Amino acid sequence: MSVSTARRYARLTTVLCGVSLHRLTAYRMDFLIGAASFVIRIACQIALISVIFQYVPSLGGWTQQQALFLLGFSLLPRGLDRLFTDQLWILAWQLVRTGDFFRYMIRPVNPFYSLLSERFLYPDGFGELATGIAIVVTAAGAMDLDLTLVQWLLFLPLVLCGALIHTFIKAFLASLSFWMTSSLNVMVAVNQLSEFTAYPLNLYHPVLRGLLTWVLPFAFTAYIPARYLLTGDTGLLLWTLPVTALTVLLGYGTFRLGIRRYEMPGS
Amino acid sequence: MIRAARRYAPFALAGLHAVTQYRSTIVLSAITAAAATALQVFLWREVYVGGSAPAGLPFVHLTSYIVLAQILGLLHTNRIDELIAGEVYRGDIAVSLVRPVNYALSCLAVNLPTAAVSAVLAGVPVLAGFSLFASLPVPTAANLALFAVAVLLSVALAFQINFLVGLAAFVTTNTWGIRTIKNALVAFLAGQVIPLALFPADVVTLLRLLPFQGLIDSPLRLLLGGYGDWADAGRILAVQAGWVVLLTGVMSLAWRRSLRKVEVLGG
Amino acid sequence: MIVAEHVSKHFKRHRREPGLRGSLRTMFSSQYDLVRAVDDVSFEVPAGVKIAYIGANGAGKSTTIKLLTGIMRPTTGQVRVDGLDPHRRRVEVAHRIGVVFGQRSQLWWDLPVLDSFRVLRHIYEVPRAVYDRNMRLFRDRLDLGALGNTPVRQLSLGQRMRAEIAASLLHDPAVLFLDEPTIGLDLVLKQAVRDLINHVNAELGTTVMLTSHDIGDITGICDQALVVDRGAIVHQGTMRELLRSVDTRAVTFEYAAGSVTEAEALQIIAAELPDVRAIPAESGRIRVEYPVERWSARQVIAVLLNRFDLTDVLVPDADLETLLRRIYAGSPAEPVSVGDGA
Ligand SMILES: Nc1ncnc2c1ncn2[C@@H]1O[C@H](COP(=O)(O)OP(=O)(O)O)[C@@H](O)[C@H]1O
Ligand SMILES: [Mg+2]
């Protein structure tokens, strides 16, 4: 991608985000519902943690504050991802079946970008990001967490890698709809699985841990970076970059393959 | 009754035809349901093993509870909220209204067989799989009978809740947000995320008065013998049935209000 | 400008057996039918031409347009638009074409129409001057200003189609593909759309490819015609040549009431004009359809004048409607063959 195309996409993104923000003000009620929906969901997860810690002092070696930090951190990449990629859900659900996917094939921009751009800055991601930040800050404060300079520097890149992993796992699953006409059920199910990475992964059976680390690498979006930030344990941290790169390639490659076999139905 | 059955049978068949087209989806949702169940089992086992074992739900029943809660969840998954919201959003609702059938019943007819088939096709293998790894206690015949009744009521409740949530589309366009709120709250309040018995006692008393507990907590309490005497079992069913009656009233009221809105907007 | 060389597009369609048992069986089988939506089609459309793509429902028109616009790849063969393969060089081609599918929307469902256009301007990198000129054009000709701030999803079908057509023309495309574009428009707007397309073609030399079941669209816009039947081209040429290919024409006449009965009249015609079909038409008229290589209009009218007390005669142009009806009627159900396996 040349500099001029990069500049072009950056400008387009600004325009599209502007339009979206404009729409947000027009549909204020929607925005509030979207933000509230995540606050409520996360409240349920916090409740789960408090119920658990009613019965145990520590869970797999994690204290309640650490578990909360993990939960909060897991929301950051997820929220960032959701801010820009909500349209993937619509692809998984019905864009192929109804034929509306053709829109992204007739525009002179990358079809993946074109697809995502339709829902830039949809309201729901804001709630997730804001709640995530609040929980991380609160939990870190309660623990007197002290990050080293390197940890500070790595914080944002780790969130970004996590967001990319979320995005391209979703892209992979949503692209399955090119073969199955709708892959919403799979996406819902995997999304449900991904929520379990908001809890200490070492609780789970090694097979499941392996699954969540190497097959659906959600571990790299929360458990691994959060553990590094909390304990300085680098463990699998070095794998973050290659795993992210591979996930991006696989997700995007599947999307390209799907486009090649896309058969627009109807009319 | 037979006339009615004949009238709604086409809808049910149409729904079933739709499931059969998504065989791969069913297989995948079985796999992911199994994985989600396993994760939950590990989480709670850790709690039981690592701390003071909760009294509300004996350890022998823990796995049964989690597996069956997941399967009931599948049975309750209907797309009615999504369907209605979509029709309202696109304005197709006007078309549905001119059909000479009761709208709510036709929704139910389309979705019930679908949910049942996918719950059976995905649920039975999951149940079988878990009974291989963990010994699941066999329920008594009486409990099984009570469970059957409670499941029927729970399906009715799930339908009613989804129908009402679908009608929210008349008020907001962010039906996605509304549905997310509903999914989170329902899973939480019904006892799918945390078995209700594990909450603090006062909270349990409160939650068991709400309609949501009728989805998962009630049927499973009856199946696993988590009730006192026959009168207690009767009370559990009565609460469920009471909510079904009450929600039927609410539904018809909300539906009539929404219709007025269709007339005003012209569909 | 548009070239198709031996293009075929085949779809596999899972065989659905009727009934519940059938659909359960379908679930576990992999039998399919092969639908030859486009079958070894070749044609070429020069720049600046407005061509009608004519064929019955299911003849493969929409599929061809999807191939030409890069939405799908042909199974075999090649298509080129402005010298480029529209699927491989999708982005470049997309800059040069405009597309309207009458039943589909390419606008942003939640955005007001004007916002959609603002976004499109950036996506297509339309220069300010061009954008302003075109928006003025759309405002004048399609009354686009009236749609203003309504989100697209709340527009009526007719309003939306106006916006869709305008959107497809915003970036001054070299080629415009229109698949049943006037669905849902009233007569005045249909005319406005036709005028707009003709205007753009005259001003910018835009090549237009149109499918429509509306005869007014075809005659009002197109100067050439391409007729497909069962996925294959059966005629390409100017509109006039197409009409000349009509081999049956008709004369409708009315005679003084009471002079002869209808049955007698039909008998007389059958006796005097062999190979001619006489059909009773509305309000006592009779329609005489004659093969053009056997009879001329003059001969037929001469016989009628001779034998009847005529009060009115109607000799319409060789009309497209008759022709289309024939083309459509000649098309049997869709061309399929059976396949097995994955
Ligand atoms: N995506 C698809 N999958 C399977 N069959 C299709 C698909 N699109 C079109 N067809 C079939 O191809 C044939 C031609 O369709 P189409 O090009 O839409 O015809 P037209 O536009 O001329 O009415 C029809 O038989 C149709 O059913
Ligand atoms: Mg068509």
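The structure displayed is predicted, hence computed values, not measured ones.

(A) Geometry of the overall build of chain A. Helix and strand counts for chain A come out as 13 helices and 0 strands. Sequence-ordered secondary structure for chain A, helices as α and strands as β, is α-α-α-α-α-α-α-α-α-α-α-α-α. The C-alpha radius of gyration computed for chain A amounts to 19 Å, which stays within 12% of the reference 18 Å derived for 267 residues, consistent with globular compactness. For chain A, the spread of C-alpha atoms along the principal axes amounts to about 60 × 40 × 40 Å. The buried share of chain A, taken over its 267 residues, is 60%. A sequence separation of at least 24 residues applies to 78% of the contacts in chain A between residues at least 6 apart.

(B) View of the sheet that holds strand β5 (residues 97–101) of chain C. All names here are of chain C. As summarised here, the arrangement of the 6 strands in space is β5-β6-β7-β3-β8-β9, forming an open sheet in which the pairing is mixed. Whereas interior strands pair on both sides, the edge strands pair on one side only; in this sheet they are β5 and β9 (232–238). Across this sheet, the average inter-strand angle for adjacent strands is 15°, counted without regard to direction. With 5 bridges connecting them, strand β6 (residues 175–179) and strand β7 (residues 207–211) associate as parallel partners. From the neighbouring strand, F177 faces β7, where its bridge partner is M209. Helix α2 (residues 61–68) contacts β3 (50–54), β5, β6, β7 and β8 (224–229) of the sheet and is inclined by roughly 150° relative to β6.

(C) Spotlight on the pattern of salt bridges. All names here are of chain C. A full pass over the atoms with the stated rule returns 28 salt bridges over all chains. Measuring nitrogen to oxygen at the nearest pair gives 3.2 Å for the salt bridge that ties R96 to D82. Here the residue R96 occupies a position in helix α3 (residues 90–96), and D82 occupies one in the loop between β4 (76–81) and α3, the gap between them amounting to 14 residues. When its relative accessible area of 32% is taken as the criterion, D82 is described as partly exposed.

(D) Just the side chain of E180 of chain C, in detail. All names here are of chain C. Within the element layout of this structure, E180 appears in the loop between β6 and α7 (187–204). Here E180 occupies a buried position and makes no salt bridge, while the nearest side chain of opposite charge, K61, is found at 5.0 Å. Among residues more than four places away in sequence, those in contact with E180 are G102, Q103, T211, S212 and H213.

(E) Region of interest: the UniProt feature "transmembrane region" (unreviewed entry) in chain B. Residue and element names in this part refer to chain B. According to UniProt, the "transmembrane region" (unreviewed entry) feature falls on residues 21–43, 55–75, 108–133, 145–171, 183–201 and 236–255. A distance of 28 Å separates the end C-alpha atoms of residues 55–75, which is 81% helix and 0% strand. Helix makes up 47% of residues 183–201 and strand makes up 0%, while its end C-alpha atoms are separated by 24 Å.

(F) Layout of the packing of helix α4 (residues 113–123) of chain C against helix α6 (residues 157–169) of chain C. Residue and element names in this part refer to chain C. It is at 11 Å that the axes of α4 and α6 come closest, and there the two elements cross at 15°. Of the possible angle classes, the one that applies to α4 and α6 is roughly parallel. Remark: the crossing between α4 and α6 carries right-handed chirality. Seen from α4, the contacting residues are V113, F117 and L120; seen from α6, they are A163, A166 and A167. In terms of residue class, the contact of α4 with α6 is made up of 6 nonpolar, no polar and no charged.

(G) Representation of the interface of chain A and chain B in the model. The interface of chain A with chain B comprises 42 residues on the first partner and 38 residues on the second. Carbon and sulfur atoms supply 74% of the area buried between chain A and chain B, which totals about 3700 Å² over both sides. Across the chain A-chain B interface, the total number found is 0 salt bridges. Here chain A is connected to chain B by 1 residue pair in polar contact (both at pLDDT 80 or more). For the side of chain A that touches chain B, the elements supplying multiple residues, two or more each, are α2 (28–55), α4 (87–98), α10 (184–194) and α11 (206–215) of chain A. Here the side of chain A that touches chain B takes 15 residues from α2 of chain A, the largest share from any one element.

(H) Structural view of the environment of A139 of chain A. Residue and element names in this part refer to chain A. Along the chain, A139 falls in helix α7 (residues 124–143). Taking C-alpha positions, A139 is 6.2 Å from L68, a pair spaced 71 residues apart along the chain. Excluding residues within four positions of it along the chain, A139 makes contact with Q65, L68 and F69.

Calculation rules
- Per chain, residue numbering runs from 1 following the sequence as it is written.
- All chains are assigned letters beginning at A, and all ligands numbers beginning at 1, according to the order in which they are written.
- Residue-level local features of this predicted model are given only where pLDDT is at least 70; pairs of side-chain atoms are given and counted only at 80 or more, and the full residue set underlies all totals for whole chains, interfaces and linings.
- The side-chain quantities take in all heavy atoms of the structure and omit both hydrogens and water.
- For the purposes of this entry, the term helix denotes a DSSP run of H or I that reaches at least four residues, the term strand denotes a run of E that reaches at least two, and both are numbered from the N terminus.
- Each radius of gyration is computed over the set of C-alpha atoms, and the globule rule expresses the reference value as 2.2 Å times the number of residues to the power 0.38.
- Here the term buried applies to any residue with accessible area under 20% of the maximum for its type, exposed to any over 50%, and partly exposed to those in between, with areas from a 1.4 Å probe on protein chains only.
- What makes two residues a contact is simply this: any of their non-hydrogen atoms within 4.5 Å.
- At least two DSSP bridges between two strands are required for those strands to pair.
- Each axis is a line fitted through C-alpha atoms, and for a helix only the stretch in contact is used; angles between axes span 0 to 180 degrees, taken between their N-to-C directions.
- Only one rule defines a salt bridge in this text: a Lys or Arg side-chain nitrogen within 4 Å of an Asp or Glu carboxyl oxygen.
- For this count, His and the chain ends are skipped, Lys and Arg are scored as positive, and Asp and Glu as negative.
- UniProt positions are given in the numbering used here, feature names are shortened, and annotations may be inferred rather than shown by experiment.
- Under this scheme an angle from 65 to 115 degrees is roughly perpendicular, one under 35 degrees roughly parallel, and one over 145 degrees roughly antiparallel; angles in between are oblique.
- Note: crossing handedness is left-handed where the near helix turns anticlockwise from the far helix by less than a right angle, and right-handed where it turns clockwise.
- For this scheme, ten residues count as nonpolar: Ala, Val, Leu, Ile, Met, Phe, Trp, Tyr, Cys and Pro. Four count as charged, namely Asp, Glu, Lys and Arg, and the remainder, Gly too, count as polar.
- Here the quantity called buried area is the total loss of accessible area, with a 1.4 Å probe, experienced by two parts when brought into contact, counted for both.
- In the analysis that follows, any N or O atom pair within 3.5 Å is treated as a polar contact, provided that within protein one partner can donate a hydrogen and the other can accept it, and provided that, for residues neighboring in sequence, both atoms belong to side chains.

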